[in-house]
Amino acid sequence: MSRSGFGKWFGGIALAAALAVGTEVSATPLTPFRYEAQAQRHCPHDRVVWLDFRKGVYYRKGQKRYGEGFDGSFVCLNEARDGLYRRSLLGLR
């Protein structure tokens, strides 16, 4: 008895489905705010950063792009980090 190519292909799909069911992906909710004071009230023990959604980076207070642009919002630093956004090193990007 020989195995057909279809059987190998179907077995691969079943294995992939079993692996996908066993893993869970969870994302930390991101709470964006229009104003810096709103974000600071939301997370009083954390820093507030400006998150540029289009570029996927956040800027700290004092950096050039902090609070600038239409594609961003104020968020808590820990939420930005948990959401896998990266920090801008120079504030110029």
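First things first, this report covers the structure right here in the doc. None of these values were measured; they are calculated from a predicted model. (Residues numbered from 1 in each chain as written. Predicted model: local features only at pLDDT ≥ 70, side-chain atom pairs only at ≥ 80, totals over all residues. Heavy atoms only, no water.)

## Let's talk about the overall build of the protein chain
Item 1. Of the regular secondary structure elements, the protein chain holds three helices and four strands.
Item 2. In the protein chain, the order of α-helices and β-strands from amino to carboxyl end is α-α-β-β-β-α-β.
Item 3. Out of the 93 residues in the protein chain, the part that is buried amounts to 26%.
Item 4. Considering only contacts within the protein chain whose residues lie at least 6 apart along the sequence, 58% involve residues at least 24 apart.
Item 5. When the accessible area of the protein chain is evaluated, it comes to approximately 7100 Å², of which 58% is carbon and sulfur surface. (Helix = DSSP H or I, 4+ residues; strand = E, 2+ residues; numbered from the N terminus. Buried < 20%, exposed > 50% of the residue type's maximum accessible area, 1.4 Å probe, protein only. Contact = heavy atoms within 4.5 Å. Areas by Shrake-Rupley, 256 points an atom, 1.4 Å probe, with all protein chains shown as cover.)

## Focus: the sheet that holds strand 3 (residues 72-76)
Item 1. Strand order in the open sheet formed by four strands is 3-1-2-4, with mixed pairing between adjacent strands. One side of each edge strand has no neighbouring strand; the edge strands of this open sheet are strand 3 and strand 4 (86-87).
Item 2. In the sheet, strand 1 (residues 48-52) pairs with strand 2 (residues 57-59) via three bridges, with the strands oriented antiparallel. Among the inter-strand pairings, Trp 50 is bridged to a residue of strand 2, identified as Tyr 59. (Pairing = 2+ DSSP bridges.)

## Remarks on the pattern of salt bridges
Item 1. Tallying each qualifying case throughout the model produces three salt bridges.
Item 2. Two residues, Lys 61 and Glu 36, come together in a salt bridge whose shortest N-O distance is 3.2 Å. Highlighted residues: Lys 61 in the loop between strand 2 and strand 3 and Glu 36 in helix 2 (residues 36-42), separated in sequence by 25 residues.
Item 3. Since its relative accessible area comes to 28%, Glu 36 is described here as partly exposed.
Item 4. Arg 65 serves as the salt-bridge partner of Glu 68, at 3.9 Å between the closest nitrogen and oxygen.
Item 5. Its relative accessible area of 39% is what places Glu 68 among the partly exposed residues. (Salt bridge = Lys/Arg side-chain N within 4 Å of Asp/Glu carboxyl O.)

## Focus: the nonpolar core
Item 1. The biggest cluster of nonpolar side chains holds ten residues, and these are Phe 33, Ala 39, Cys 43, Val 48, Trp 50, Val 57, Tyr 59, Tyr 66, Phe 74 and Cys 76.
Item 2. Those elements giving two or more residues to this core turn out to be strand 1, strand 2 and strand 3.
Item 3. Excluding residues that lie within four positions of it along the chain, Val 48 makes contacts with Glu 36, Ala 39, Gln 40, Cys 43, Tyr 66, Phe 74 and Val 75. (Core = buried A, V, L, I, M, F, W, Y, C linked by side-chain atoms within 4.5 Å.)

## What to know about the side chain of Ser 73
Item 1. Note that Ser 73 resides in strand 3.
Item 2. With relative accessibility at 7%, the residue Ser 73 sits in the buried group.
Item 3. A polar contact of 2.6 Å, which involves the side chain of Ser 73, links it to the backbone oxygen of Phe 33.
Item 4. Dropping the residues within four chain positions of it, Ser 73 is found in contact with Pro 32, Phe 33, Arg 34, Val 49, Trp 50, Leu 51 and Phe 53. (Polar contact = N/O pair within 3.5 Å; in protein donor to acceptor, adjacent residues only side chain to side chain.)

None of the figures reported here should be taken as evidence of function without further support.
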